[in-house]
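Each chain is listed here by its residues.
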Amino acid sequence: MSDRLTVLAQYLLPKQALTTLAGSLAGSEAGALTTAVIRWFIRRYGVDLSEAVDPDPASYKSFNDFFTRPLRADARPLDDADFLCPVDGAISQYGAIERDQIFQAKGHRYSTTALVGGDRELAARFADGTFATLYLSPRDYHRIHMPVAGRLTRMIHVPGDLFSVNPATARGVPGLFARNERVVCVFEAGFGSFVLALVGATIVGSMATVWHGRVNPPRGGEIREWSYQGQQIILRKGEEMGRFLLGSTVVMLFPKDVLTFNSEWAPAGAIRMGEIMANRPPQPREVIPDPAEELPACRR
C-alpha cells in the first residue's frame, strides 16, 4: 500500500474506538484464547522470547503481561557510554534542533513547544539542542530505560490524536509526534534539563511510568500535569522509567552542546537498549603556559 493510501486510511479509521477496544482486549485474561493470540503474535512478528525472564507463552495471563515482559538481567548489558540507548527498536530521526524545529521526515518538521504541550519556557531550554526519535515495532521489547541519570521534575499528559507512528505515517502526517497523545517526562541532570516524551499511537492501550503507574486512560481533552519538584525521584542511567502497552515512539530532547551521537547511528538503523547512544563532546584542554615563556629574555 502506498504512503498516501496508508495515511488516508488512518484519517478515516475510528482510532479512539479501536484503541479503547484493543486496550480492553489486551488486558483481558482469557486463558487458552489469550495464549493462542500470544503464540500467533510471536509467529507473525518474529518475537524472540528466549531473552525473556519467562519464555513460556502460556505463562502470561494477559496479552499486556506478555507485551511488557521483563528480560533476563544479562539480556541487555549496559555499554560504557555517557548516554545509553533507552529502547529496542529503530532510529526514526536524530540530530540537531534548528532553533525550535525538529525534523520528522522529508517535508515535515514540528516545534519543541508543540511537543511539550505548549510550554514555551520549557521548550526554550532545547533551542539549537539535539533530539532523537526512536520507533518501537510490535516485535520489540517495550520497556523504556533512562539514557542518563536524572531527577524527575515534571510529567505532562498531552491529549491528542492516535495516528500510527510507523515510518509511512511519519512521512505522510505533518507534525505527527506533536499531534498524537503523549506523556512528556522532564528530568534534571548535571548538564541541565532533558525530556523523554512517550508518544501514543493507534491501539496503544496505555502508557505507564514507574513512579506513577498508568497515565492513560483516562483520555480527556485537557492537559494534565504533575510536579515532582519537592520530591527526590532519581533514576539511574539504564534504569527502567516506563513502558508502552502496545508499541509506539520515544522522542528525546537535550540542550545545546551536551552530546555527540554515536557515529554508527543512521536513520532506520536497528538499536538495542543499553547500547551507546552518545557521549559528551570533548572538552577543550586547559592550556598551561610554559613558565619559561614568561621570563625576561636575559634570564632564560
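Residues numbered from 1 in each chain as written. Predicted model: local features only at pLDDT ≥ 70, side-chain atom pairs only at ≥ 80, totals over all residues. Heavy atoms only, no water.

(A) Geometry of the overall build of the protein. Along the backbone of the protein there are eight helices and 18 strands. In the protein, which comprises 300 residues, the proportion classed as buried is 50%. Taking all contacts inside the protein whose residues are at least 6 apart in sequence as the whole, residues at least 24 apart take part in 76%. When the accessible area of the protein is evaluated, it comes to approximately 14600 Å², of which 54% is carbon and sulfur surface. (Helix = DSSP H or I, 4+ residues; strand = E, 2+ residues; numbered from the N terminus. Buried < 20%, exposed > 50% of the residue type's maximum accessible area, 1.4 Å probe, protein only. Contact = heavy atoms within 4.5 Å. Areas by Shrake-Rupley, 256 points an atom, 1.4 Å probe, with all protein chains shown as cover.)

(B) How the structure looks around the sheet that holds strand 14 (residues 240–245). Pairing within the open sheet is antiparallel, and its four strands lie in the order 6-14-10-11. Since the sheet does not close on itself, it has two edges, and those belong to strand 6 (143–145) and strand 11 (213–216), each with one partner. Neighbour to neighbour, the strand axes of the sheet diverge by 25° on average, direction disregarded. (Pairing = 2+ DSSP bridges. Axes fitted to C-alpha atoms, helices over the stretch in contact; angles between N-to-C directions.)

(C) Structural view of the nonpolar core. In this structure, F83, L134, F187, W211, M241, W265 and M277 are the most contacted members of the largest nonpolar core, which totals 38 residues. Broken down by secondary-structure element, the contributors of at least two residues to this core are strand 5 (130–135), strand 7 (150–158), strand 8 (182–189), strand 9 (192–199), strand 14, strand 15 (249–254) and strand 18 (276–279). Here this core takes four residues from strand 8, the largest share from any one element. With residues up to four places along the chain from it excluded, the contact list for F83 reads P147, V148, F191, F254, V258, L259, E275, I276, M277, A278, N279 and R280. Counting residues in each nonpolar core, the second largest holds 22 residues, with I102, V116, A123 and V199 among its members. (Core = buried A, V, L, I, M, F, W, Y, C linked by side-chain atoms within 4.5 Å.)

(D) Representation of the layout of surface pockets in the model. The volume enclosed by the second largest pocket comes to roughly 260 Å³. For the second largest pocket, the lining is made up of 16 residues, of which E51, R76, D88, R139 and D140 are closest to its centre. A per-class count over the lining of the second largest pocket returns five nonpolar, three polar and eight charged. (1 Å grid on protein atoms, 1.4 Å probe; cavity = no way out; pocket = protein on both sides within 12 Å on 5 of 7 lines; lining within 4 Å. Points joined across faces, edges and corners; volume = space filled by probe spheres on them. Nonpolar A, V, L, I, M, F, W, Y, C, P; charged D, E, K, R; others polar.)

(E) Fine view of the environment of M155. Looking at the element boundaries, M155 is found in strand 7. C-alpha separation for the pair M155 and V116, spaced 39 residues apart in sequence, amounts to 9.9 Å.

(F) Expanded view of the pattern of salt bridges. Within the structure shown, the criterion is met by 12 salt bridges. Of the charged contacts, one joins D119 and R154 as a salt bridge, the two residues approaching to 2.9 Å between their closest N and O atoms. Placement of D119 in the loop between helix 5 (112–115) and helix 6 (120–124) and of R154 in strand 7 is noted, with a sequence separation of 35 residues between them. Exposure remark for R154: the relative accessible area of 13% places this residue in the buried category. Shared partners join several salt bridges into a network, and the residues in it are E51, R76, D88 and R272. (Salt bridge = Lys/Arg side-chain N within 4 Å of Asp/Glu carboxyl O.)

(G) Summary view of a negative patch on the surface. A surface patch of negative charge is lined by D79, D80, D82 and E275. In this fold, E275 is placed in the loop between strand 17 (270–271) and strand 18. (Patch = residues over 30% accessible without salt bridge, like charges linked within 9 Å, V, L, I, M, F, W, Y side chains within 5 Å. Lys, Arg positive; Asp, Glu negative; His and termini not counted. Charge placed at Lys NZ, Arg CZ, Asp CG, Glu CD.)

(H) Representation of the packing of aromatic side chains in the model. Under the defined criterion, the tally for this structure stands at 19 aromatic pairs. Summarising the aromatic geometry, the rings of F83 and F254 are spaced 5.5 Å apart at their centres and angled 80° between planes, so their arrangement reads as edge-to-face. With F83 in strand 1 (residues 83–84) and F254 in strand 15, this residue pair connects regions lying 171 residues apart in the sequence. Accessibility assignment for this pair places F83 and F254 in one class, buried. Measuring from ring centre to ring centre gives 6.0 Å for F191 and F194, while their planes differ by 40°; the resulting arrangement is tilted. For the residue pair F191 and F194, the accessibility class agrees, reading buried in each case. An aromatic cluster is defined as three or more aromatic residues linked by ring pairs; in this entry it consists of W40, F41, Y45, Y60, F63, F66 and F67. (Phe/Tyr/Trp six-rings, centres within 6.5 Å; stacked < 30°, edge-to-face > 60°.)

(I) Region of interest: the confidence of the model for the protein. Taken over all residues, the pLDDT of the protein has a mean of 85, while the share at 70 or more is 80%. Note on residues 291–300: pLDDT under 50 across the span, and four contacts to partners over four residues away in sequence or across chains. (pLDDT = per-residue confidence, 0-100.)

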